[in-house]
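Coordinate analysis (summary)
So the chains spell out like this:
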Amino acid sequence: KQEVTQIPAALSVPEGENLVLNCSFTDSAIYNLQWFRQDPGKGLTSLLLIQSSQREQTSGRLNASLDKSSGRSTLYIAASQPGDSATYLCAVPGSNDYKLSFGAGTTVTVRA
Amino acid sequence: GAVVSQHPSWVICKSGTSVKIECRSLDFQATTMFWYRQFPKQSLMLMATSNEGSKATYEQGVEKDKFLINHASLTLSTLTVTSAHPEDSSFYICSAPGAGRTGELFFGEGSRLTVL
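Remember, it's a predicted structure, so these values are computed and weren't measured experimentally.

1. Digging into the nonpolar core
In terms of nonpolar packing, the biggest core is built from 25 residues, with Val4, Trp35, Leu79, Tyr92 and Leu113 of chain B touching the most fellow members. Counting only elements with at least two residues in this core, the list comes to β2 (10-13), β3 (19-25), β4 (32-38), β5 (44-51), β7 (67-73), β8 (76-81), β9 (90-97) and β11 (111-115) of chain B. Sequence-distant contacts of Leu79 of chain B, that is, excluding residues within four places in its chain, are made with Val19, Lys20, Ile21, Trp35, Phe67, Leu68, Ile69 and Tyr92 of chain B. Membership of the second largest hydrophobic core comes to 22 residues, among which are Ile77, Tyr88, Val92 and Val108 of chain A.

Structural data, given as structure tokens:
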């Protein structure tokens, strides 16, 4: 059974600082890994999807890396802004389907 | 990206009543949709897989008679919480794979259910 862990559980930084969010998974036989953002009381917004054949994906200030062999992914957010405050979740699908296993998330607070 | 819409976004009901939540894929077809449940400050837990034209498959520990799922068309899945009780109060979120074969999942805005 896939287990996904996110560290740290919470992070508070001043505006402008770079953010590093970690995700680890126990079963390295994954098709892809997806990072999401969730605002309080809201649904999930897909941020980045990394295919198993890729090592990283970038979108604007966001960069996600994937190391399948070690079962790790890292989400980097450059030059953080107060609007980046949210919970960030990583998730990986099952071996035969789209069922996602989620980490517990990292709650980020960016102080103005 | 693909858009998944849920309705209602929040609902309050009395204990013993049933509540229906809709999940729609707005600009693509989804033969499969997933229903998740999220308790406060916890991550998402998969409840069931909704399959268009056939029965839903439920995760272990989820009561299929309690959480009725219907996937009547390629763009609509519904979750009905039957005879709701306060312990059913939660945040329910649906998702669907987008078009193409990237494996990316798109999520609805979520529906907050409060049972009094």
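Now that the structure has been shown, we can carry on.
2. Some words on the sheet that holds strand β3 (residues 19-25) of chain A
Within a sheet, each strand pairs with its neighbour through backbone hydrogen bonds, oriented either parallel or antiparallel. Residues and elements named next belong to chain A. Here we have 5 strands laid out as an open sheet, ordered β1-β3-β8-β7-β6, and antiparallel in their pairing. Edge positions in the open sheet fall to β1 (4-7) and β6 (56-59), since each of these has one partner strand only. Direction aside, the axes of adjacent strands within the sheet are offset by 15° on average.

3. Concerning the interface of chain B and chain A
Quite often, the size of an interface is put as the accessible area lost when its parts meet. The interface of chain B with chain A comprises 20 residues on the first partner and 18 residues on the second. Taken together, the two surfaces of chain B and chain A that pack against each other cover about 1,500 Å², and 58% of this comes from carbon and sulfur. Sorting the residues of chain B by area buried against chain A places Ser43, Leu105 and Phe107 of chain B first, and these three jointly supply 27% of that buried surface. Taken together, chain B and chain A are joined by 1 salt bridge. Taken together, the connections running from chain B to chain A amount to 7 residue pairs in polar contact (both at pLDDT 80 or more). Only β4, β5, β9 and β10 (105-107) of chain B provide two or more residues apiece to the side of chain B that touches chain A. Per-class residue counts for the side of chain B that touches chain A are 9 nonpolar, 7 polar and 4 charged.

Basis of the calculations
- Residues numbered from 1 in each chain as written.
- Chains lettered and ligands numbered in written order.
- Predicted model: local features only at pLDDT ≥ 70, side-chain atom pairs only at ≥ 80, totals over all residues.
- Heavy atoms only, no water.
- Core = buried A, V, L, I, M, F, W, Y, C linked by side-chain atoms within 4.5 Å.
- Buried < 20%, exposed > 50% of the residue type's maximum accessible area, 1.4 Å probe, protein only.
- Helix = DSSP H or I, 4+ residues; strand = E, 2+ residues; numbered from the N terminus.
- Contact = heavy atoms within 4.5 Å.
- Pairing = 2+ DSSP bridges.
- Axes fitted to C-alpha atoms, helices over the stretch in contact; angles between N-to-C directions.
- Buried area = accessible area lost by both parts, 1.4 Å probe.
- Salt bridge = Lys/Arg side-chain N within 4 Å of Asp/Glu carboxyl O.
- Polar contact = N/O pair within 3.5 Å; in protein donor to acceptor, adjacent residues only side chain to side chain.
- Nonpolar A, V, L, I, M, F, W, Y, C, P; charged D, E, K, R; others polar.

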